[in-house]
Amino acid sequence: MIYIYSKVSREKQFFGHTNPIALTEKFGSPLFVYSENILRSRCRDMKQLIDYPNFTVNYSPKANSNLELLKIVRSEGLKVDAMSPGEIYVNLLAGYNPEDIFFISNNISDDEFQYALHAGVKISVDSVAQLEKYGKLNPGGKVAFRLNPGVGAGHHDKVKTAGQKTKFGVEMGQVPLVKEIIEKYNLRLTGINQHIGSLFMSGETYLQSTYNILSVAKQFEDLEFIDLGGGFGIPYQKQSGQSRLDLTELGSKLTEVVTTWVEEYGKAIEFKIEPGRYIVAESCILLGTVNAVKTNYQLKYIGTDLGFNVLVRPTMYDSHHDVEIYRESGIPSTRDEAVRIVGNICETGDIIAKDRLMPEIFENDILGVLDSGAYGYSMSSNYNNRLRPAEVLIDPQGNPQLIRRRDTLEDLVRNYIL
Ligand SMILES: *Cc1c(COP(=O)(O)O)cnc(C)c1O
């Protein structure tokens, strides 16, 4: 095999003893391929962020909830969030203790509250109305609430999850109402959490929102934890040298803020963060196959099996993913050209990379979409009755292990009453 355009994966020795072409031959295409080494190293980065004895990292599994990956994250000593009863269920299957699961609920039903209470997980509510619902169901119980500190951050309006135009959290002005309901139902407010949005590459907004949550938190005496949220970004433009989020700088500022606050509060309560993307995004390369190349009215299209049912981020958020090329034949690419890399779904928006300058791509080339581990498989679907891909893990010895099989045609009709 000759590698045509694969600097990032080569430098990381991402594929261990195997290679992308052998992997697609063995496990089929498209294929999500994960590196256990990278996953573990990202867990360790986050665990070192704040230098404070009672600091914990909650992985946010909506980014990727593959059971095998959850087990690896757990083995690194991370706790876990849940956004739904389904995530609670899967986290428990991965071996997490209920008390290490933090359910950050949003607009849930009585039944969903009951499920979470029965499971014994920590619960956060997202509005005064939901706090009241919780109070009726579990008077005297422990509860946390999600604060909307009024500032947000993120790479797209759809993923800013705090600020004045989002559905999330209790606004600062309604904190007195929270106190009223806490008293009315004799609840214990044991935690406050926030999550301002996804994919920030500079820590300023995160730091600002930390000041905000801490100023609110000191009004409550019973706190056991404060959760500062996730959203830590990763460089999606590695091929053009994008630099990483400076975790050392952000970490040392957070350490200072947290330590000072704890001294004033007088109790060394737990501080949590809840990264999703940062933990898993870079641990995955999504492989696909070029099935057709054509030019339509002057635009060159690279037609692949990477539809937006497999990776929806470019279609949904206009996200950039770097793309690598792997080729078996000895034919080199002799020039760069602007191409549009598209999938096989029946929609015009089915585009993986728009008008990207790439070395010449040929039919049967294998493409690698970098940084596909977060919001990749977890947002994939059976749209167009397409099968969701298999997932493979490259273990620390460099060998591939199948960690989820590809959907079958029978899977598509499993829930019908025939
Ligand atoms: C999605 C989400 C996260 C994780 O966000 P990332 O950007 O993937 O780090 C954390 N907390 C909450 C409440 C979320 O909804």
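Residues numbered from 1 in each chain as written. Predicted model: local features only at pLDDT ≥ 70, side-chain atom pairs only at ≥ 80, totals over all residues. Heavy atoms only, no water.

### Examining the overall build of the chain
On a plain count of helices and strands, the chain comes out with 12 helices and 19 strands. For the chain, the C-alpha atoms occupy an extent of roughly 70 × 55 × 45 Å along the three principal directions. Going through the 418 residues of the chain one by one, you find that 56% of them count as buried. Partitioning the intrachain contacts of the chain with sequence separation of at least 6 by distance along the chain shows that 71% fall at a separation of at least 24. (Helix = DSSP H or I, 4+ residues; strand = E, 2+ residues; numbered from the N terminus. Buried < 20%, exposed > 50% of the residue type's maximum accessible area, 1.4 Å probe, protein only. Contact = heavy atoms within 4.5 Å.)

### Focus on the domain arrangement of the chain
Here the domain parsing of the chain yields domain 1 (2–34 + 282–408) and domain 2 (36–279). For domain 1 versus domain 2, the distance between C-alpha centres works out to 32 Å. Between domain 1 and domain 2, the residue contacts involve 29 residues of the former and 25 residues of the latter. Of the roughly 2,500 Å² buried at the junction of domain 1 and domain 2 (both faces included), carbon and sulfur atoms supply 52%. If you sort the residues of domain 1 by the area they bury against domain 2, E282, Y317 and Y375 come out on top, with a joint share of 28%. On the surface where domain 1 and domain 2 come into contact, there are four salt bridges. Put simply, E282 and R42 hold a salt bridge, and the shortest N to O gap is 2.9 Å. Scanning the region where domain 1 abuts domain 2 turns up 14 residue pairs in polar contact (both at pLDDT 80 or more). Those elements that provide at least two residues to the side of domain 1 that touches domain 2 are α12 (313–317), β14 (323–327), β18 (390–394) and β19 (400–404). (Domains from an automatic or database assignment. Buried area = accessible area lost by both parts, 1.4 Å probe. Salt bridge = Lys/Arg side-chain N within 4 Å of Asp/Glu carboxyl O. Polar contact = N/O pair within 3.5 Å; in protein donor to acceptor, adjacent residues only side chain to side chain.)

### Some words on the environment of F200
Inspection of the secondary structure assignment puts F200 in the loop between β9 (188–193) and α9 (204–217). For F200 and A153, which are 47 residues apart along the polypeptide, the C-alpha to C-alpha distance reads 6.4 Å.

### Section: the pattern of salt bridges
Pairing between side chains becomes possible if they bear opposite charge and their charged atoms approach one another. Following the criterion strictly, the structure yields 27 salt bridges and no others. Ionic pairing is found between R40 and E76, a salt bridge with its closest N-O pair at 2.7 Å. One end of the pair, R40, is in helix α3 (residues 36–47); the other, E76, is in the loop between α4 (67–75) and β4 (79–82), and 36 residues separate them in sequence. As far as burial versus exposure is concerned, R40 and E76 are alike and both buried. Measuring nitrogen to oxygen at the nearest pair gives 2.9 Å for the salt bridge that ties K133 to D110. Of this pair, K133 sits in helix α7 (residues 128–137) while D110 is found in helix α6 (residues 110–119), placing the two residues 23 residues apart along the sequence. One salt-bridge network, held together by shared partners, links R42, D45, K238, R244, E282 and D371.

### Regarding the site of the ligand
Neighbouring the ligand are 14 residues; K62, S198, E274, R277 and Y375 lie closest to it. Here the ligand has 390 Å² of accessible area as a free molecule, and 95% of this is covered by the chains. For the shell around the ligand, the class distribution of residues is four nonpolar, six polar and four charged. (Near = heavy atom within 4 Å. Areas by Shrake-Rupley, 256 points an atom, 1.4 Å probe, with all protein chains shown as cover. Nonpolar A, V, L, I, M, F, W, Y, C, P; charged D, E, K, R; others polar.)

### Focus on the packing of α7 against helix α8 (residues 175–184)
Following both chains from N to C, one finds α7 and α8 inclined at 5°, their axes separated by 10 Å at the closest point. When the axes of α7 and α8 are compared, the pair comes out roughly parallel. Within the contact between the two elements, α7 uses V128, L131 and E132 and α8 uses L177, V178, I181, I182 and K184. Split into classes, the residues belonging to the contact of α7 with α8 amount to six nonpolar, no polar and two charged. (Axes fitted to C-alpha atoms, helices over the stretch in contact; angles between N-to-C directions. Parallel < 35°, antiparallel > 145°, perpendicular 65-115°, else oblique.)

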